[in-house]
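What the coordinates show
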Amino acid sequence: MTEALYALLVGPFKDMGSSPAFFAEVLIGGIFAGLMYSLVALGFVLIFKASGVFNFAQGVMVLFAALTLVGLMERGMPVALALAITAGVMILLALLIERIVLRPLVNQAQIILFMATIGLNFFLEGFGEMLWGSNVKRLDVGIPDTSFKVAGVLINRLELTAAITAAVLVSILAIFFQRTRIGRALRAVADDHEAALSIGIPLKTIWVVVWSVAGLVAIVAGIMWGAKSGVQFSLSLVALKALPVLILGGFTSVPGAVVGGLIIGMGEKLGEVYWGPLVGGAIENWFAYVLALVFLLFRPQGLFGERIIERV
Amino acid sequence: MTAPLLEVQQVSVRFGALTALSEVSLTVESGKILAIIGPNGAGKTTLLNVISGFYHPTAGRILFEGRDRTHLSPPDVAELGVARTFQNVALFKGMSVLDNIMTGRLLKMNGSFLLEALYWGPARRQELAHRAVVERIIDFLEIQAIRKTPAGRLPYGLQKRVELARALAAEPRLLLLDEPMAGMNVEEKEDMCRFILDVNAEFGTSITLIEHDMSVVMDISDRVVVLDYGRKIADGLPEHVRKDRAVLDAYLGVSHD
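Calculation rules
- Residues numbered from 1 in each chain as written.
- Chains lettered and ligands numbered in written order.
- Predicted model: local features only at pLDDT ≥ 70, side-chain atom pairs only at ≥ 80, totals over all residues.
- Heavy atoms only, no water.
- Pairing = 2+ DSSP bridges.
- Helix = DSSP H or I, 4+ residues; strand = E, 2+ residues; numbered from the N terminus.
- Axes fitted to C-alpha atoms, helices over the stretch in contact; angles between N-to-C directions.
- Contact = heavy atoms within 4.5 Å.
- Core = buried A, V, L, I, M, F, W, Y, C linked by side-chain atoms within 4.5 Å.
- Buried < 20%, exposed > 50% of the residue type's maximum accessible area, 1.4 Å probe, protein only.
- Domains from an automatic or database assignment.
- Phe/Tyr/Trp six-rings, centres within 6.5 Å; stacked < 30°, edge-to-face > 60°.
- Lys NZ or Arg CZ within 6 Å of the ring centre and 35° of its normal.
- Buried area = accessible area lost by both parts, 1.4 Å probe.
- Salt bridge = Lys/Arg side-chain N within 4 Å of Asp/Glu carboxyl O.
- Polar contact = N/O pair within 3.5 Å; in protein donor to acceptor, adjacent residues only side chain to side chain.

Let's talk about the sheet that holds strand E6 (residues 82-84) of chain B
Residue and element names in this part refer to chain B.
- Read across the open sheet, the six strands follow the order E6-E7-E8-E3-E9-E10; overall the sheet is mixed. Each end of this open sheet is capped by a strand with a single partner; those strands are E6 and strand E10 (231-236). Direction aside, neighbouring strands of the sheet carry axes that sit 15° apart on average.
- In this sheet, strand E8 (residues 206-210) lies alongside strand E7 (residues 174-178) in parallel orientation, the contact comprising five bridges. Paired with Leu177 across the bridge in E8 is Leu209.
- Along the sheet face, helix H1 (residues 44-51) touches strand E3 (33-37), E6, E7, E8 and strand E9 (223-228) and points at about 150° away from the line of E7.

In structure tokens:
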């Protein structure tokens, strides 16, 4: 009994202490992964804040963006041009979604909008593969997948670039949506469509803006994940990892998406390396979900979410 | 002579086979309080929705200061200086009372998003100026104590008051109130009456309201329009409308003697 407790509560921390450089590497790996999760979670948060819709298609938007980018580059287009066109495609997609899916469903129950995004999910998946084919594609962004050492700690160039990009993007968006009047308008739209309209907030514009931003965030996420593991269908499953991040951080909070992502990223890497051997490994795949479950029990609105108020 | 603030001309609204409004015309004079009354289902709220752009008329025109504004969307109508409240209270329930009222200022805010993001210079001054306006409205409506309370937690009567505050924050020229006193007790009604009269007197805001309580309507309105089954059956001074034969029939049932 005491042995088991020792192995669970003391052993892992002793291991961390005995090899600080390795510990730092694991932690950095966790931060990198966490920032990537934040990036995907951010797409969810923006759309949820603005329309109260949980966008089931966010993961496929990441895949679609990456597929489009790679497809254009394979046809010999320079990277910059391909990026610009992909951005244009994602904005066009936002316009179409607003016109065809959201506008006819104004003031419908949230579950109906949610179902609509499931439809969108399957459409984009099929459409993307129809356009660009379904085989795994390599995405080369020109950053070598090699490592360098800082104070005895190995750091991967590609991961570092991805993490910094994600961090910068997330900070800019967080500040923009927290501090500007668009942020206030977003919260208003999420809360009550009619009231928002009556105080002069153009619903359609707001929706196009957030879906466009979510699309652009999807491009960045698609590039980062695609460069690491190739552009393929499994990219859209990254979105599933964003779910526990959202539950942790709160569905309505941009900073929450960042903090939630970091906690999940670091938690699963540390858990895998130091606690994984105790139960035979592979903690990484379910750790995040267990953490989310615990949060649902004790703090369903997440760390930064708005308190859920229900008058009976 | 200048054009009246708002003119509704021969407006009809049909939903499929149902005619909600049928050739209704009315005029809102600047600085006056107009009451729209009528039995349930008479088309009062539909009329308000048409004026605020939520519905568009099947036939007829809406003029704002003499200009045709028939097909504007709700945000565009808000931009013209029309603010409204809703029958079932449409507040942003998760936000504090203060934030709710601040959203009423959104149309008045302008300037650079970049500066806003940095909360610096003119943006900071602007935010503080808007905050000052909102604080005046909070004082005016006597809701200082609930400033930080999430709107969803408030009792119904106070929610209605906060909704009025949000509408006032837009400094509207025309204020549309959909049953501002529904579900209130006597004291709350008296407070609301006082606020409506004060808003009208102090800011010169034109007010169009829907109300069921006849004594309230007779007390505060300069003119009364009566709807029944989507048609206008009376339009005039309160004391005249009260004695109008068609109005009495609509409210009390037609006597067949």
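Moving on from the model shown.
Notes on the nonpolar core
- Core analysis: the largest hydrophobic core is formed by 145 residues, its most contacted members being Ile201 and Trp211 of chain A together with Ile101, Leu141, Ile143, Leu175 and Ile196 of chain B.
- Considering each element in turn, this core owes the most residues, 15 residues, to helix H9 (residues 203-229) of chain A.
- For this core, the domains that each give at least three residues are domain 1 (1-81 + 172-257) and domain 2 (94-171) of chain B.
- Non-local contacts of Leu175 of chain B, meaning those with residues more than four positions away in its chain, are made with Ala83, Leu164, Ala167, Leu168, Val199, Thr205, Ser206, Ile207 and Thr208 of chain B.

Focus on the packing of aromatic side chains
- Within this structure, the stated rule accounts for 11 aromatic pairs over all chains.
- With centroids separated by 5.9 Å and ring planes inclined at 20°, the aromatic side chains of Tyr37 of chain A and Trp225 of chain A adopt a geometry described as stacked. Note that Tyr37 of chain A is positioned in helix H2 (residues 20-51) and Trp225 of chain A in helix H9, a separation of 188 residues in sequence. For the residue pair Tyr37 of chain A and Trp225 of chain A, the accessibility class agrees, reading buried in each case.
- One aromatic cluster in this structure is built from Phe44, Phe54, Phe56 and Phe114 of chain A.
- We note Arg84 of chain B situated over the ring of Phe86 of chain B; from NZ or CZ to the ring centre the distance is 4.1 Å.
- Over the face of the ring belonging to Phe195 of chain B we find Arg194 of chain B, whose NZ or CZ atom lies 5.0 Å from the ring centre.

Comments concerning the interface of chain B and chain A
- Taken together, the contacts link 35 residues of chain B with 25 residues of chain A.
- For the pair chain B and chain A, the summed buried area comes to about 2,600 Å², and 61% of that belongs to carbon and sulfur atoms.
- Counting across the chain B and chain A interface gives zero salt bridges.
- Where chain B packs against chain A, one counts zero residue pairs in polar contact (both at pLDDT 80 or more).
- For the side of chain B that touches chain A, the leading source of residues is helix H4 (residues 113-118) of chain B, giving four residues.

Quick word on the domain arrangement of chain B
Residues and elements named next belong to chain B.
- In terms of domains, chain B is made up of domain 1 (1-81 + 172-257) and domain 2 (94-171).
- Each of domain 1 and domain 2 has a C-alpha centre, and these two points are 27 Å apart.
- Buried area between domain 1 and domain 2, summed over both chains or domains, comes out near 1,400 Å², and the portion from carbon and sulfur atoms is 72%.
- Of all residues in domain 1, the largest losses of buried area upon contact with domain 2 belong to Pro172, Met192 and Phe195, amounting jointly to 37% of the total for that side.
- Inspection of the region where domain 1 meets domain 2 yields two salt bridges.
- Residue Glu142 is joined to Arg194 by a salt bridge in which the shortest nitrogen-to-oxygen separation is 3.3 Å.
- The interface formed by domain 1 and domain 2 contains three residue pairs in polar contact (both at pLDDT 80 or more).
- Broken down by secondary-structure element, the contributors of at least two residues to the side of domain 1 that touches domain 2 are helix H2 (74-79), E7 and helix H7 (186-203).
- If one sorts the elements of the side of domain 1 that touches domain 2 by residue count, H7 sits on top with nine residues.

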